[in-house]
Amino acid sequence: MIALVDCNNFYVSCERVFNPKIENKPVIVLSNNDGCVIARSNEVKALGIKMGEPAFKLKHIIEKKNINIFSSNFTLYGDLSKRVMNVMSAEVNKIEIYSIDEAFLDFTDSASKERGVSIKNKVQQWTGIPVSVGIAPTKVLAKVAGHIAKKYTKSGVFIFDDTDLIRRALSVFAVEDLWGIGKNTAQKLKAVGIHTALQFRQCDSAWLKTNLSVNAVRLQKELFSEVCYPLELKRKRKQNICTTHSFGTEIKQLSKLKEAIGSHANNCATKLRQEKSCCNSISVFLSTNPFKPQAKQYNPYKVIQLDVPTNDSMEIVKATIKALESIYRDDCVYKKAGVMVSRIVPQEQMQLSLFDSLDREKRKSINIAVDKINAIMGKNKVKLAVQGNGRKWKLRQEKLSPCYTTRFSDILEVVI
DNA sequence: TCTGGGGTCCTAGGACCC
DNA sequence: TCTGGGGTCCTAGGACCC
């Protein structure tokens, strides 16, 4: 048996932990640049505000309903996530951390509602974060159970412990709410009269295989309690690492794009080194503002293949700047830029080249030193000159909450 | 004025091999 | 009129997830 533990409205709950005034009040957390809604409290969901809605369209209702707005504070959310995961890890033998706010727990040794409730209460008491728990024989069913727990139970815990119960639940569970069924697939299914999870479970698997994909067949098996997605206990090495941002204000000049791309590239290199990986290929991409159809649209990208895999900041930044120069056009206004590194290999398994002229040992020492300094002094305290000192393309974060748990100057003071 | 930022997996089709 | 029958590898694009 598997338990899915899912934090309720996670980012909103994080903001509430240190700000009890917004308990039971409508709260929204916005994406980077204060662009879209990415987390909503129940009060906000009740108002009919959708996930992903652009903030500027909500100005009116925000004022009218007195909604509390926050810029995203990923430092805070990441730290609280770590705490939640730590509490749960101590409760089970095996755990798969699936995302910032979700984990699958191995309940094979004992699966009961009481165990779910006990974990839920402990997480709530020790971290301040409310969670829901769904317990079932497979991940897909645990997701369904979690859904039910969150929506229809008082305890916030739901367990699928008999097949008839599963059958009855699936008969009223919308097919588009299944894990792995997105908008497009749901549309296809509905076109042939499949509306509920039970109907999906009953349909011909050969039809699923040809018309959808093998994943649809796996999903179907999981609904029959047959495990196709086992717990993944070992953290996998990332296959791609991507850093990108929209600009607060649009950019035209090459020099500013260089700062942005250079920073993204350095960021990717740092992440590569944290993963102990090297990349064999680097891509750079730019895009204009798709929401301004009257403006000239241009979304170029350039991929550079390397002879020797690398995670050296200087080498990666240099390559991206060259790529940027090759795709830049001065008759466009850019809204977004990014860097992606791929074809990743473990750093201890890199294939060397006979004709390599770079002193890799020396570079390695430099990178280690820079990483060390930045770990102590703060991100990007030491950086490459091309990144500039500008904050010109910086994020807009007008409603940022303090980093209560990770910055000494932000620690709460208690007045007695 | 204003619309996020990460990831993964699968498939079809092209290029190539014998 | 008619032009084989196997394979592999790579990539772009689609679909999905949080």
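Read on for an overview of the structure. Just so we're clear, the structure is a prediction, and the values are computed from it rather than from any experiment.

A count of helices and strands for chain A gives 14 helices and 12 strands. In terms of overall size, chain A behaves like a compact globule, its C-alpha atoms giving a radius of gyration of 24 Å where 416 residues would be expected to give roughly 22 Å. Principal-axis analysis of the C-alpha atoms places the extent of chain A at approximately 65 × 60 × 50 Å. Counting only residues that meet the buried cut, chain A has 44% of its 416 residues in that class.

Taking strand neighbours across the sheet as the criterion, the 3 strands line up as β3-β2-β4 in an open arrangement whose pairing is mixed. A strand with exactly one partner marks an edge of an open sheet, and here the two such strands are β3 (37-40) and β4 (68-71). Ignoring strand direction, the axes of neighbouring strands in this sheet form an average angle of 25°. Against the sheet, helix α1 (residues 10-17) contacts β2 (27-30), β3 and β4, and its axis sits at roughly 110° relative to β2.

This part takes up the side chain of R40. One can find R40 in strand β3. Of the side chains with opposite charge, E53 comes closest to the buried, unpaired R40, at an N-O distance of 7.8 Å. Polar contacts involving the side chain of R40 include one to the main-chain carbonyl oxygen of I49, which spans 2.8 Å. Once you skip the residues sitting within four places of it in the chain, R40 turns out to touch N9, V12, V27, K45, I49, K50 and M51.

The next point concerns the protein's contact with DNA strand C. As a structural note, the neighbourhood of DNA strand C is formed by 13 residues, with D101, K143, G180, G182 and T185 the closest of them. What you see for DNA strand C is that sugar and phosphate hold 100% of its atoms within 4 Å of the protein. K143 places a polar side-chain atom, nitrogen or oxygen, 2.6 Å from a phosphate oxygen of DNA strand C. In this structure, a phosphate oxygen belonging to DNA strand C sits 3.5 Å away from a main-chain N or O atom of K183. Contributions of two or more residues to the surface near DNA strand C are made by β5 (95-99) and α8 (183-191). Among the elements that make up the surface near DNA strand C, the one with the highest residue count is α8 (3 residues). Residue composition of the surface near DNA strand C, by class: 4 nonpolar, 5 polar and 4 charged.

Conventions adopted
- Residues numbered from 1 in each chain as written.
- Chains lettered and ligands numbered in written order.
- Predicted model: local features only at pLDDT ≥ 70, side-chain atom pairs only at ≥ 80, totals over all residues.
- Heavy atoms only, no water.
- Helix = DSSP H or I, 4+ residues; strand = E, 2+ residues; numbered from the N terminus.
- Rg over C-alpha atoms; globule rule 2.2 N^0.38 Å.
- Buried < 20%, exposed > 50% of the residue type's maximum accessible area, 1.4 Å probe, protein only.
- Pairing = 2+ DSSP bridges.
- Axes fitted to C-alpha atoms, helices over the stretch in contact; angles between N-to-C directions.
- Contact = heavy atoms within 4.5 Å.
- Lys, Arg positive; Asp, Glu negative; His and termini not counted.
- Salt bridge = Lys/Arg side-chain N within 4 Å of Asp/Glu carboxyl O.
- Polar contact = N/O pair within 3.5 Å; in protein donor to acceptor, adjacent residues only side chain to side chain.
- Near = heavy atom within 4 Å.
- Nonpolar A, V, L, I, M, F, W, Y, C, P; charged D, E, K, R; others polar.

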